[in-house]
Amino acid sequence: ERFGEKNFNYAFWDAKPNVTKNKSLYLRNSGQDLYSTLLRDALIQLTMGNHVNIDWCAYQPAIILINGNYYGITNIRERHNEDYLLANYNTKNIVLADTWLTKEGPDIEFQKLKAIISDKNSSYEKIDSIIDLDEFSNHMILNSIYANLDFPGNNNIKWLNLNDSIKKWRWILNDFDVAMGS
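Residues numbered from 1 in each chain as written. Predicted model: local features only at pLDDT ≥ 70, side-chain atom pairs only at ≥ 80, totals over all residues. Heavy atoms only, no water.

**Q** Please set out the environment of Lys-103 residue by residue, giving values where relevant.
**A** For Lys-103, the position within the fold is in strand β7 (residues 102-104). The exposure class assigned to Lys-103 is exposed, which follows from its relative accessible area of 52%. As for Lys-103 and Glu-125, which are separated by 22 residues in sequence, their C-alpha atoms are 27 Å apart. Engagement of the side chain of Lys-103 in a polar contact is seen with the side chain of Asp-98, the distance being 3.4 Å. (Helix = DSSP H or I, 4+ residues; strand = E, 2+ residues; numbered from the N terminus. Buried < 20%, exposed > 50% of the residue type's maximum accessible area, 1.4 Å probe, protein only. Polar contact = N/O pair within 3.5 Å; in protein donor to acceptor, adjacent residues only side chain to side chain.)

Written out as structure tokens, the structure is:
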């Protein structure tokens, strides 16, 4: 935005050709997978994201050259923040939370979620009324199948569309760097 445009108007993602406006991107060095495959997280998200009901962040490999000097391979990634939800769902009125804290939007909504899921008397119907259970199940299954060691105590990104009449929480796949036996 400080360079004159509010969005990158470009289709960065082969796997998401309809996402053509990105307000923010980030270059990711593959985190804890830096000295191994460089693509563990991206591979899992890319291969599973288009095949199951799940929110996931697109990936594009990039070679970094600065003034003609090679600085390695990195990933151009969608940010799993409010900009992701604007680009993928065209919504701004959201609540976004990580494992423990609200990052964007009214905290009261996240507190309601925590209260309902920690109440041992909450019924399946009550939980189903506030969580997209199909999508949540896919999220849990994928993290389990790929043996993600950095989950569930970390990398647990969830969001709620406050404009949606149904208002159910969804999860965004995040950080499989220490998965698949790494």
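**Q** Lay out the packing of aromatic side chains with the relevant residues and their values.
**A** Each aromatic ring pair is characterised by the separation of its centres together with the angle its planes make. In total, this model carries six aromatic pairs according to the counting rule given. Summarising the aromatic geometry, the rings of Phe-12 and Trp-13 are spaced 5.7 Å apart at their centres and angled 40 degrees between planes, so their arrangement reads as tilted. Each of the two residues, Phe-12 as well as Trp-13, counts as buried. A connected cluster of aromatic rings, assembled from ring pairs, spans Phe-8, Tyr-10, Phe-12 and Trp-13. Above the face of the Trp-56 ring, Lys-16 is positioned so that its terminal group lies 4.5 Å from the ring centre. (Phe/Tyr/Trp six-rings, centres within 6.5 Å; stacked < 30°, edge-to-face > 60°. Lys NZ or Arg CZ within 6 Å of the ring centre and 35° of its normal.)

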